[in-house]
Amino acid sequence: MEIRQSQRIRRNLKQIWRTIPNLPPWLTRITERINEKSELFPSSINHVLINEYLPNQGIMPHQDGPAYYPVVAILSLGSPVVMDFTPHPNLRSCVGTHGNGVDAKISDPEAAVMNSGEQLDNCHPFSIVLMPRSLLIFKDSVYSDYLHGIKDSEMQRCNEAVNITNAENDGVVQHLSRSVKALDSDETVIYRANTRVSLTCRVVTKVCKNIFKF
């Protein structure tokens, strides 16, 4: 298991990596419950990445990579946040090379039989409000064909979030009026006033032990 704790040191995000042979008991109880309730993981969860974010810290758009495919679960604690999903650039490059005799690679092998243009048409950017104590699980095409990330901002717009109604009902969003400077219309936002901790749970088929020697 790899545990990453992020702290602000000289305005930078410091990453501390530590490798241990097994998940601690308190973490095993969490992962077992996620695995049993979701029934989406191919086997027991054996990899958890713990991140700590200050209110103005995010993470650049990225994919978790083929080592963890095809499913990932993110448990959010502390401050709410908006996670953005954007189609992977490979999808657009497939459209650009389609019909030109170039063997374009896409991130999901099973989608190779699909028309590239149709696949891109079915992939649109979207956002999700990750509320405190919420669990987000995404898999398959969302895992392979999208990048996910969080903006470096204490205030995040969430008007178009797919679960905006739930976020409003839980009271984690605020509405800004037109009188607010730099806003052209009513905006629904989240203020990240506190630290956020995320637990990213995945399955690694091959685990290398004793990577680091001290």
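Whatever comes next refers back to the structure up there.
Throughout what follows, the structure given in this document is the object of discussion. Note that the structure is a prediction, hence the values are computed from the model and not measured.

Pairing is antiparallel in the open sheet, where 4 strands are placed in the order β3-β13-β5-β8. Strand pairing shows two members of the sheet lacking a second neighbour, β3 (47-53) and β8 (134-139), which therefore form its edges. On average, each strand axis in the sheet is inclined to that of its neighbour by 20°, with strand direction left out of account. For strand β5 (residues 71-78) and β8, the ladder comprises 6 bridges, and the chain directions are antiparallel.

Moving on to the pattern of salt bridges. The full count for this structure, using the stated rule, is 4 salt bridges. Measuring nitrogen to oxygen at the nearest pair gives 3.4 Å for the salt bridge that ties Asp64 to Arg202. Taken together, the positions of Asp64 in the loop between β4 (59-62) and β5 and Arg202 in strand β13 (residues 196-202) put the pair 138 residues apart, joining distant regions of the chain. Here Asp64 matches Arg202 in class, with each residue buried. Across the pair Lys151 and Asp84 runs a salt bridge, and its minimum N-O distance is 2.6 Å. With Lys151 in the loop between β9 (146-150) and β10 (155-157) and Asp84 in strand β6 (residues 81-87), the pair connects residues that are 67 residues apart, well separated along the chain.

The next point concerns unusual backbone geometry. Positive phi, normally seen in glycine, also occurs at Arg133, with a value near 65°. By the secondary structure assignment, Arg133 is in the loop between β7 (126-130) and β8.

Moving on, we come to the pairing of β9. Within a regular strand, side chains alternate between the sheet's two faces. Among the 5 residues that make up β9, 5 are buried, leaving the element largely enclosed by the rest of the structure. Burial along β9 is two-sided: the face carrying Tyr146, His148 and Ile150 and the face carrying Leu147 and Gly149 are both buried. For β4 and β9, the ladder comprises 2 bridges, and the chain directions are antiparallel. Bridging across to β9, His62 finds its partner in His148. Relative to β9, β6 runs antiparallel, the two being bridged by 4 bridges.

Turning next to the environment of Ser144. In this structure, Ser144 sits in helix α4 (residues 140-145). Distance from Ser144 to Gly65, taken between C-alpha atoms, is 8.1 Å for residues 79 residues apart in sequence. A distance of 3.4 Å separates polar atoms of two side chains, one belonging to Ser144 and the other to Asp145.

Met83, Phe85, Ile128, Leu130, Leu136, Phe138 and Tyr143 are the most contacted members of the largest nonpolar core, which has 15 residues in total. For this core, the secondary-structure elements that each account for two or more residues are β5, β6, β7, β8 and β9. Those residues within four positions of Ile128 in sequence are excluded, and the remaining contacts are Val81, Val82, Met83, Phe85, Leu136, Val162 and Asn163. Grouped together as the second largest cluster of nonpolar side chains are 13 residues, Ile34, Val71, Ala73 and Val203 included.

So, on to the sheet that holds β4. Two modes of strand pairing occur in sheets, parallel and antiparallel, and in both the strands are linked by backbone hydrogen bonds. Reading across the sheet, the 4 strands line up as β4-β9-β6-β7 and stay open at both edges, with antiparallel pairing between neighbours. Where the open sheet ends on each side, the last strands, each with one partner, are β4 and β7. Taking each pair of neighbouring strands and ignoring which way they run, the sheet shows an average axis angle of 20°. Of the strand pairs in this sheet, β6 and β7 are connected by 5 bridges, and their pairing is antiparallel. Looking across to β7, one finds that Val81 is bridged to Leu130.

Counting across every chain of the model gives 4 aromatic pairs. An angle of 85° between the planes, with centres 5.4 Å apart, marks the rings of Phe85 and Phe138 as edge-to-face. In this pair, Phe85 sits in strand β6 while Phe138 sits in strand β8, placing the two residues 53 residues apart along the sequence. For the pair formed by Phe85 and Phe138, the shared burial category is buried. Connected via pairs of aromatic rings, a cluster forms that spans Phe85, Phe126, Phe138, Tyr143 and Tyr146.

Scoring rules and cut-offs
Residues numbered from 1 in each chain as written. Predicted model: local features only at pLDDT ≥ 70, side-chain atom pairs only at ≥ 80, totals over all residues. Heavy atoms only, no water. Pairing = 2+ DSSP bridges. Helix = DSSP H or I, 4+ residues; strand = E, 2+ residues; numbered from the N terminus. Axes fitted to C-alpha atoms, helices over the stretch in contact; angles between N-to-C directions. Salt bridge = Lys/Arg side-chain N within 4 Å of Asp/Glu carboxyl O. Buried < 20%, exposed > 50% of the residue type's maximum accessible area, 1.4 Å probe, protein only. Polar contact = N/O pair within 3.5 Å; in protein donor to acceptor, adjacent residues only side chain to side chain. Core = buried A, V, L, I, M, F, W, Y, C linked by side-chain atoms within 4.5 Å. Contact = heavy atoms within 4.5 Å. Phe/Tyr/Trp six-rings, centres within 6.5 Å; stacked < 30°, edge-to-face > 60°.

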